[in-house]
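Observations on the three-dimensional arrangement
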Amino acid sequence: MPYNRLGSAGLQVSQFSFGSWVTFGGQVDTGLAKEQLQAAADAGVNFFDNAEVYAGGKSEQIMGEAIRELGWKRHEYVISTKFYWGINGEMPNMHYTLNRKYLMQAIDGSLERLGLDFVDLAYCHRPDPNTPIEETVYAMSDIVESGKALYWGTSEWSADEIRAAWEIADKRNLRKPVMEQPQYNLLHRDRVENEYARLYEDLGLGLTTWSPLAGGILTGKYVDGIPEGSRATLEGHDYLRAGAEKSRDQVRELAKIAADLGVSTGQLALGWVAANPHVSTVILGASSVKQLEENLGALKALESLDDDAGLKASIDELF
Ligand code: NDP
């Protein structure tokens, strides 16, 4: 497993990492979580992604419990959480905010659920137009200063918002945001490839990217219909049906290229994300150990993409 620096930070994260959205606390219980986490670690994965809001806090509990039962040592893994939506109710300061009061209490709640003294990465899960960016930067910097998180960053912030946060931190001698967590896959490219283009060099921004398979669409599993029990059948995820319909022809073409290479369609889609040098780590999602193992096999597709610029160009042309 290759490891990359998280942008200009010294922290090294595995090329492929593993996240728990939708799965932990829904499709995956602690027993299966243990199997998945260990399968990932056995393949060299060292970064595990989580968020306060995933399964209303249950995802953090399950990941914390599973890691404790597996007996992992704290220096062996990098773990994250994210704040914005809140899980304690809908009164002011409890949700849809990045104000100081919420953030300072949210980190304590996450650490308690995870059963940890600190997380490695803490993200502001969305921008909050109702809190001055300066207030959020001070709070996140204080969280890092307190030792409750080692690095902080953003998720789905605009390039302007990221730059504003970075410049405030720079000017005030505060801890700077070091990473962003955007969606990035063959069907969703613009932000990573265009909007953020200047930030990689200017700010040393690292990326931990999400939904590399567009929720499963890029495995090809939806080309001939909606399989029973798949994400598209879960409550709140029927947007996948329209996405699958729209991209059906492209995914069929991708499948042909993958077959010629001797990899699965999903592996080729994952390798394509990892081949972008600005991506520090590709966060995988999986509802079974089998899926996770297949996805970790994407390193083979990555090697082919690294060796053959024409291959990447032909995929780029398709999407
Ligand atoms: P993907 O786009 O890779 O989708 C994963 C889902 O696709 C699986 O749960 C599974 O769903 C299906 N799938 C995966 N592999 C296979 C396979 N080999 N064969 C068939 N089906 C497969 O990633 P996610 O959307 O899960 O995102 C990954 C992680 O990114 C999350 O866990 C989270 O940590 C992070 N994330 C962050 C966000 C943010 O706002 N910062 C937002 C979203 C995700 P099923 O079996 O149910 O069909």
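Everything discussed here concerns the structure shown above.
Everything numeric in this text was worked out from a predicted model, so none of it was measured. (Residues numbered from 1 in each chain as written. Predicted model: local features only at pLDDT ≥ 70, side-chain atom pairs only at ≥ 80, totals over all residues. Heavy atoms only, no water.)

Description of the site of the ligand
Quick reminder of the rule: Throughout this document, a residue counts as near a molecule or strand when at least one of its heavy atoms sits within 4 Å of that molecule or strand. Here a polar contact is recorded for every N or O atom pair within 3.5 Å, except that within protein the pair must consist of a potential hydrogen donor and a potential acceptor, and residues adjacent in sequence are included only if both atoms are side-chain atoms. All accessible-area figures derive from a Shrake-Rupley calculation using a 1.4 Å probe, and residue coverage is judged against the displayed protein chains alone. All residues other than Ala, Val, Leu, Ile, Met, Phe, Trp, Tyr, Cys, Pro, Asp, Glu, Lys and Arg, Gly among them, are scored as polar; the first ten of these are nonpolar and the last four charged.
Residues in close proximity to the ligand total 32 residues, the closest being Asp49, Ser211, Gly215, Lys221 and Ser287. Taking tyrosine 54, its side chain carries an N or O atom lying 3.5 Å from a nitrogen atom of the ligand. Contacts to the ligand include serine 155, whose side-chain N or O atom sits 2.9 Å from a nitrogen atom. In the complex, 96% of the free accessible area of the ligand, which totals 910 Å², lies under the protein chains. Residues that form the shell around the ligand fall into these classes: ten nonpolar, 16 polar and six charged.

As for the packing of helix H8 (residues 239–261) against helix H9 (residues 265–274)
Formally: Here, axes are lines fitted to C-alpha atoms. For helices the fit covers the stretch in contact, and angles between N-to-C directions go from 0 to 180 degrees. Note on conventions: DSSP H or I runs of at least 4 residues are helices, E runs of at least 2 residues are strands, and numbering of each starts at the N terminus. Working rule for angles: under 35 degrees goes down as roughly parallel, over 145 as roughly antiparallel, 65 to 115 as roughly perpendicular, anything else as oblique. In this analysis, two residues are considered to be in contact whenever any of their non-hydrogen atoms come within 4.5 Å of each other.
The geometry of H8 relative to H9 is characterised by a closest axis approach of 8 Å and an angle of 95° between their N-to-C directions. By the criterion of interaxial angle, the relationship of H8 to H9 is roughly perpendicular. Residues Val251, Leu254, Ala255, Ile257, Ala258 and Leu261 of H8 form the contact with H9, whose own contacting residues are Thr265, Leu268 and Ala269. Per-class residue counts for the contact of H8 with H9 are eight nonpolar, one polar and no charged.

What about H8?
Convention followed: Each residue after the first adds 1.5 Å to the expected span of a helix. Two axes enter the bend calculation: one fitted to the seven residues ending at the residue in question, the other to the seven starting there, and the bend is the angle between them. The buried label applies to any residue whose accessible area, calculated with a 1.4 Å probe on protein chains only, is under 20% of its type's maximum; exposed applies above 50%, and partly exposed to all values in between.
Taking 1.5 Å as the rise per residue, H8 with 23 residues should run 33 Å; its terminal C-alpha atoms sit 31 Å apart, in good agreement. At arginine 248, H8 shows its largest bend, some 60°. The complete set of buried residues in H8 reads Leu240, Ala244, Ser247, Val251, Leu254, Ile257 and Ala258. Looking at the buried side of H8, the elements it contacts are H9 and helix H12 (309–318). Just beyond H8, the residue with positive phi is glycine 262, at close to 80°.

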